[in-house]
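Analysis of the macromolecular model
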Amino acid sequence: MFDFLVSALTFASLYGLMALGLNLQAGYGGLLNFGHIAFAGLGAYGTGIAVQAGYSPWLGMAFGVLLAMGLGGCVARLGRKLASDYWGIATLAIAEILRVVATNEGWLTGGAQGIGAIPTLFDGVAFLLMMLALLGIATLLCQRLADGRFGRALRLMREEPQLAACMGYDLTSLKSRAIMASAALTAIAGSLYAHFMSYVGPDYLLASETFLLWTMLMIGGLGNLRGVLLGVFLVQAAYSLVPFAKDYLGFDSDLAGALRLGLIGAILLACLMWRSEGLIPEKVRKIA
Amino acid sequence: MSTSREYLLSVQSVAKAFGGNQVLRDVSFNVQRGEIVGLLGPNGSGKSTLLNCITGFEAVDGGAIALGARRIERLQAHRIVRHGIARTFQLPSMPTKMSVIEVAMAACTRQHGVLATLLGLPALRRAEEQARAKAERLIDELLLSPVRDLPASALSGGQKKLLGIVCALMGEPELVLLDEPTAGVHPNLRRDLVEALKRLNAQGMTLVIVEHDMHFIRDVCSRCVVLDRGEIVASCRPDKLASNARVIQAYLGGRHSPQALEENAP
Ligand SMILES: Nc1ncnc2c1ncn2[C@@H]1O[C@H](COP(=O)(O)OP(=O)(O)O)[C@@H](O)[C@H]1O
Ligand SMILES: [Mg+2]
């Protein structure tokens, strides 16, 4: 029971980091990134490939972060001429391409089997404590970024791009900086995910993972850090509680899997209908 | 372009069409440093489009635009702003999740990098402090203090116009283009606006103002440029407008007397 709780919380904080990353783009920048998981995937594969080749895991993490930031820069520039919804579809496609590459380039990525035997860094509780500390630091940094001059420019671009341009903001550069910052954070989370599971495989890059992150943001509240963390917690709790209910009520695993998704879908639907801005909506920031 | 250095803004033979609609045909005019130029013309004559072309929000089909000696007609909007041209919009729309003061502070674009923001470098803190002081002062000057902490989208149309002007003035531009600044603004406030614009002009700011209110134009503008169907038809002092045949023709189709112009339009 204790182990279960530790692992559930660790998962929650891993997803928390990724959700904070997505919130930087989607919450503050209004960027509809539907391929966000690609950044986590690059972090995870960077780590896996480096470890497999005998390098230190930290080097692997740095490698993954650089790859993700590079991809982020490219994706931002790619979107320059696209309307935001088409850009979102392009990001989805890019993440899918990466997943197909990861599945097929077996010499590099281990193909469908993935790469195993990645060291776990710390065990159980120690890893959780590290994750919680990281999540706390990341939250503080995101808060600072969002309320500060960079976040202000980003939030203005999200709501009134024309006004932002006529103040002299370079929107392409703002976008690419937001995406790259988000990519770095998410790649770190992806790398730690690989360590925690001591494995990386193409399933990490499934589009459903991105949509899970989007669900967390939409339930909790885009553009509000407390909302984001609440969303992560609720979705992760729903995920973890269903197996309990399964044992307790005695239905089979297939049904449990379906119930999990159904429950999250129901929460999302309820939020969209009654709290369209999420449980804790973004507020106007006070300037004393 | 030997004369371009003498003028702050020089627009030469600018043309712009939307599909088959030739909005600007062959627009040429110059603005000298220190002038307040009124840009007049009937609705749909292309005034806002001209401002959009000058500020890089629309690409010109042909012609040249220069700020001082620098050609700007191919630059992106944010670059043109950085060279010293600020503007407001005819129908400003403002963000819902930012307060009036925050929007005004956002108009100061110095030091907004990711690392600078994360580290809170001294240069950034200074920029933030200056932006705040300046935003407070301009908000006070344009009588927006009572709504300082409201979401900017909650302002009335006239207040949004004033906030747009605040934003335009934040960067200390050389040249400001105002698109119908008094439309929707309360008459009492109009006087304050006239005073504020004259004060800024006395400090060296050059202004181009699209406006329909004749009293405002007479009070503020040193010269008027009249646009009709995509061409400049007159450039004269405000008090000479009513006796300018081409202006009367532009507004009234040539069927009315100068008195009619005085009474109705522009
Ligand atoms: N983005 C656009 N697309 C198509 N037509 C436009 C666009 N902007 C302006 N126009 C057309 O250009 C003409 C002039 O518009 P505008 O410059 O707004 O006039 P004014 O500001 O002088 O009232 C109008 O006929 C308008 O329909
Ligand atoms: Mg107009």
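Residues numbered from 1 in each chain as written. Chains lettered and ligands numbered in written order. Predicted model: local features only at pLDDT ≥ 70, side-chain atom pairs only at ≥ 80, totals over all residues. Heavy atoms only, no water.

1. Examining the confidence of the model for chain B
Residues and elements named next belong to chain B.
- On average, residues of chain B score 90 in pLDDT, and 93% of them are at 70 or above.
- Mean pLDDT across the secondary structure elements of chain B bottoms out at helix H10 (residues 258-263), with 49, and peaks at helix H3 (residues 100-106), with 98.
- When the criterion is pLDDT under 50, residues 254-258 qualifies, and its contacts beyond four places in sequence or with other chains add up to six contacts.
- Taken over the whole predicted complex, pTM reads 0.92, whereas the ipTM for its chain interfaces reads 0.90. (pLDDT = per-residue confidence, 0-100. Helix = DSSP H or I, 4+ residues; strand = E, 2+ residues; numbered from the N terminus. Contact = heavy atoms within 4.5 Å.)

2. Some words on the packing of aromatic side chains
Residues and elements named next belong to chain A.
- Taken as a whole and assessed by the stated rule, the structure comprises nine aromatic pairs over all chains.
- Ring centres of tyrosine 15 and tyrosine 193 lie 6.1 Å apart, and the angle between their planes is 80°; on these two criteria the pair is classed as edge-to-face. In this pair, tyrosine 15 is assigned in helix H1 (residues 2-28) and tyrosine 193 in helix H9 (residues 171-197), connecting sequence segments 178 residues apart. For the pair tyrosine 15 and tyrosine 193, a shared accessibility class is recorded, and that class is buried.
- Measuring from ring centre to ring centre gives 6.0 Å for phenylalanine 34 and phenylalanine 211, while their planes differ by 40°; the resulting arrangement is tilted. Linking phenylalanine 34 in the loop between H1 and helix H2 (37-52) with phenylalanine 211 in helix H10 (residues 207-220), this pair joins segments that are 177 residues apart in sequence.
- Residue class for phenylalanine 211 comes out partly exposed when judged on its relative accessible area of 37%.
- In textbook terms, an aromatic cluster arises when at least three aromatic residues are bridged by ring pairs, as seen for Phe11, Tyr15, Phe127, Tyr193, Phe196, Tyr199 and Tyr204. (Phe/Tyr/Trp six-rings, centres within 6.5 Å; stacked < 30°, edge-to-face > 60°. Buried < 20%, exposed > 50% of the residue type's maximum accessible area, 1.4 Å probe, protein only.)

3. A short note on a positive patch on the surface
- Positive charge collects at one region of the surface, where Arg144(A), Arg110(B), Arg125(B) and Arg126(B) lie side by side.
- Note on placement: Arg110(B) falls in the loop between H3 and helix H4 (114-119).
- What makes Arg110(B) partly exposed here is its relative accessible area of 43%. (Patch = residues over 30% accessible without salt bridge, like charges linked within 9 Å, V, L, I, M, F, W, Y side chains within 5 Å. Areas by Shrake-Rupley, 256 points an atom, 1.4 Å probe, with all protein chains shown as cover. Salt bridge = Lys/Arg side-chain N within 4 Å of Asp/Glu carboxyl O. Lys, Arg positive; Asp, Glu negative; His and termini not counted. Charge placed at Lys NZ, Arg CZ, Asp CG, Glu CD.)

4. Examining the packing of H1(A) against helix H6 (residues 124-147) of chain A
Residue and element names in this part refer to chain A.
- The geometry of H1 relative to H6 is characterised by a closest axis approach of 9 Å and an angle of 20° between their N-to-C directions. Between H1 and H6, the angle falls in the class roughly parallel. Taken as a pair, H1 and H6 cross one another with a handedness that is left-handed.
- Tallied by class, residues from the contact of H1 with H6 come to 19 nonpolar, five polar and no charged. (Axes fitted to C-alpha atoms, helices over the stretch in contact; angles between N-to-C directions. Parallel < 35°, antiparallel > 145°, perpendicular 65-115°, else oblique. Left-handed = near helix turned anticlockwise from the far one by under 90°. Nonpolar A, V, L, I, M, F, W, Y, C, P; charged D, E, K, R; others polar.)

5. Comments concerning the sheet that holds strand S8 (residues 206-210) of chain B
Residue and element names in this part refer to chain B.
- Strand order in the open sheet formed by six strands is S6-S7-S8-S3-S9-S10, and the pairing between neighbours is mixed. Among the strands making up the open sheet, the edge pair consists of strand S6 (85-87) and strand S10 (231-236). Across the sheet, the axes of successive neighbouring strands diverge by a mean angle of 20°, strand direction being ignored.
- Strand direction decides the pairing type here: strand S9 (residues 223-228) and S10, joined by five bridges, are antiparallel. When the bridges of S10 are listed, valine 225 appears paired with serine 235. (Pairing = 2+ DSSP bridges.)

6. What about the sheet that holds strand S2 (residues 21-31) of chain B?
Residue and element names in this part refer to chain B.
- Pairing in this open sheet of four strands is antiparallel, and the strands run S2-S1-S4-S5 from one edge to the other. The sheet is open, and its two borders are formed by S2 and strand S5 (70-71), each paired with just one other strand.
- As defined by bridge partners, strand S1 (residues 9-18) adjoins strand S4 (residues 62-67) across five bridges and the pair is classed as antiparallel. The residue bridging alanine 15 from the neighbouring strand is glycine 62, located in S4.

7. Here we look at the coordination of the magnesium ion (ligand 2)
All names here are of chain B.
- Only Ser48 (OG) and Gln90 (OE1) from the protein coordinate the magnesium ion (ligand 2), and they sit 2.0 to 2.1 Å from it. Of this pair, serine 48 sits in helix H1 (residues 47-54) while glutamine 90 sits in the loop between S6 and H3, and the two are 42 residues apart along the sequence.
- Assessed through its relative accessible area of 22%, serine 48 is described here as partly exposed.
- Classification of glutamine 90 as partly exposed rests on a relative accessible area of 29%. (Donors = N, O, S within 2.8 Å, 3.2 Å for Na, K, Ca; no water.)

8. Quick notes on the site of ligand 1
Residue and element names in this part refer to chain B.
- Residues in contact with ligand 1 amount to 13 residues; listed here are only the nearest, Gly44, Gly46, Lys47, Ser48 and Thr49.
- A distance of 2.8 Å is found between an oxygen atom of ligand 1 and a backbone nitrogen or oxygen belonging to lysine 47.
- Alone, ligand 1 offers 560 Å² of accessible surface; in the complex the protein occludes 60% of this.
- Put simply, the parts of the chain that give the shell around ligand 1 at least two residues each are S2 and H1.
- Here the shell around ligand 1 gets three residues from one element, more than from any other, and that element is H1.
- Residues that form the shell around ligand 1 fall into these classes: three nonpolar, eight polar and two charged. (Near = heavy atom within 4 Å. Polar contact = N/O pair within 3.5 Å; in protein donor to acceptor, adjacent residues only side chain to side chain.)

9. Some thoughts on the interface of chain B and chain A
- Counting residues at the interface gives 40 residues for chain B, matched by 31 residues for chain A.
- A buried area of about 3300 Å², summed over both sides, lies between chain B and chain A, and 58% of it is on carbon and sulfur atoms.
- Across the chain B-chain A interface, the total number found is five salt bridges.
- Inspection of the region where chain B meets chain A yields 22 residue pairs in polar contact (both at pLDDT 80 or more).
- Class assignment of the residues belonging to the side of chain B that touches chain A gives a composition of 21 nonpolar, ten polar and nine charged. (Buried area = accessible area lost by both parts, 1.4 Å probe.)

10. Some details on the pattern of salt bridges
- The full count for this structure, using the stated rule, is 23 salt bridges over all chains.
- With its nearest N and O atoms 3.4 Å apart, the salt bridge here joins Glu102(B) to Arg152(A). With Glu102(B) in helix H3 and Arg152(A) in helix H7 (residues 149-159), the pair connects residues from two separate chains. With respect to burial, Glu102(B) and Arg152(A) carry one shared label: buried.
- Salt-bridge contacts for Arg33(B) lead to Glu174(B); the nearest nitrogen and oxygen are separated by 2.4 Å. A residue pair is termed long-range when its members are at least 10 positions apart, and Arg33(B) in the loop between S2 and strand S3 (36-40) and Glu174(B) in the loop between helix H6 (157-170) and strand S7 (175-179) qualify at 141 residues.
- On the accessibility criterion, Glu174(B) (34% relative accessible area) is partly exposed.
- Counted as one network, the salt bridges with shared partners bring together Asp147(A), Arg158(A), Glu159(A), Glu282(A) and Arg285(A).

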